[in-house]
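Structure assessment
So you can see what is in the structure, the chains are spelled out below.
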Amino acid sequence: MAIISSGEFEQYFRDLYKPLCLFALRFTERLDDAEDIVQQAFADVWDKNINNVLIENLKSYMYQAVRNRSLSLVTQPVELQTTDQYPDMEDVSEEEQMYNAERDARLWNAIDGLPPERKKIFLLSKRDGLKYQEIAEELNISIKTVENQMGKALKALRETAVRIYNFLLGLA
């Protein structure tokens, strides 16, 4: 990949941010940690870009960087996993932590409630960031089947958790 403009970088950010957050969430189990990891990974890529460091495949690089950062976070001793390592961040109140935990639980409960194949397709798309064509090839099904199952998954999530649906589609 050649050096990218700020507009191109912003488009990458918009396209990859939520799938990367869901990917990181698999490891961290905390949305705030997942978002921090993804934001820092994007900041590092921007720094590399400014310093003329070329990245061949940005999407692959970002998934690997987010995976590595997530694994580093979850393997830290518990006492080190505080906001002390982020001096510019405020501590989250207990009430806010409870709200976030409940929101995350609703998200995963709704996703877990999907039929197994539909859940698999949904997670490949939203968590792993695969395109419908890639999902179809990986599962040896047609793109129409992927589209149909994604539509049904989103409808089910919309009915059970409007807030989750808005988050996943970027409407929140």
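Definitions and limits used
- Residues numbered from 1 in each chain as written.
- Predicted model: local features only at pLDDT ≥ 70, side-chain atom pairs only at ≥ 80, totals over all residues.
- Heavy atoms only, no water.
- UniProt positions renumbered as here; feature names shortened; annotations may be inferred.
- Axes fitted to C-alpha atoms, helices over the stretch in contact; angles between N-to-C directions.
- Helix = DSSP H or I, 4+ residues; strand = E, 2+ residues; numbered from the N terminus.
- Parallel < 35°, antiparallel > 145°, perpendicular 65-115°, else oblique.
- Left-handed = near helix turned anticlockwise from the far one by under 90°.
- Contact = heavy atoms within 4.5 Å.
- Nonpolar A, V, L, I, M, F, W, Y, C, P; charged D, E, K, R; others polar.
- Buried < 20%, exposed > 50% of the residue type's maximum accessible area, 1.4 Å probe, protein only.
- 1 Å grid on protein atoms, 1.4 Å probe; cavity = no way out; pocket = protein on both sides within 12 Å on 5 of 7 lines; lining within 4 Å.
- Points joined across faces, edges and corners; volume = space filled by probe spheres on them.

The name that an unreviewed UniProt entry assigns to the chain is RNA polymerase sigma-70 factor, with the source organism given as Parabacteroides segnis. Taken verbatim from the UniProt record of the chain, the Sequence similarities (unreviewed entry) comment is "Belongs to the sigma-70 factor family. ECF subfamily."

This next bit is on the packing of helix α6 (residues 132–139) against helix α7 (residues 143–160). At their nearest, the axes of α6 and α7 sit 8 Å apart, and the two run at 110° to each other. The angle between α6 and α7 falls in the class roughly perpendicular. As for the relative orientation of α6 and α7, their crossing is right-handed in sense. Across from Tyr 132, Gln 133, Ile 135 and Ala 136 in α6, the residues of α7 making contact are Ile 143, Val 146, Glu 147 and Met 150. Residue composition of the contact of α6 with α7, grouped by class: six nonpolar, one polar and one charged.

Relative to the helices and strands, Lys 119 is located in helix α5 (residues 116–126). Given a relative accessible area of 25%, Lys 119 falls into the partly exposed group. With 30 residues separating them in the primary sequence, Lys 119 and Gln 149 have C-alpha atoms 8.8 Å apart. The contacts of Lys 119, once residues within four sequence positions are left out, are Ile 111, Asp 112 and Leu 114.

We now examine the layout of surface pockets. Considering only enclosed or pocket space, the largest pocket measures out at about 360 Å³ in volume. In terms of lining residues, the largest pocket is bounded by 15 residues, among which Asp 15, Leu 16, Pro 19, Gly 129 and Lys 131 are the most central. Elements with a minimum of two residues in the lining of the largest pocket: α1 (6–28), α3 (58–75) and α5. Broken down by element, the residue count for the lining of the largest pocket peaks at seven residues, all from α1. Split into classes, the residues belonging to the lining of the largest pocket amount to seven nonpolar, two polar and six charged.

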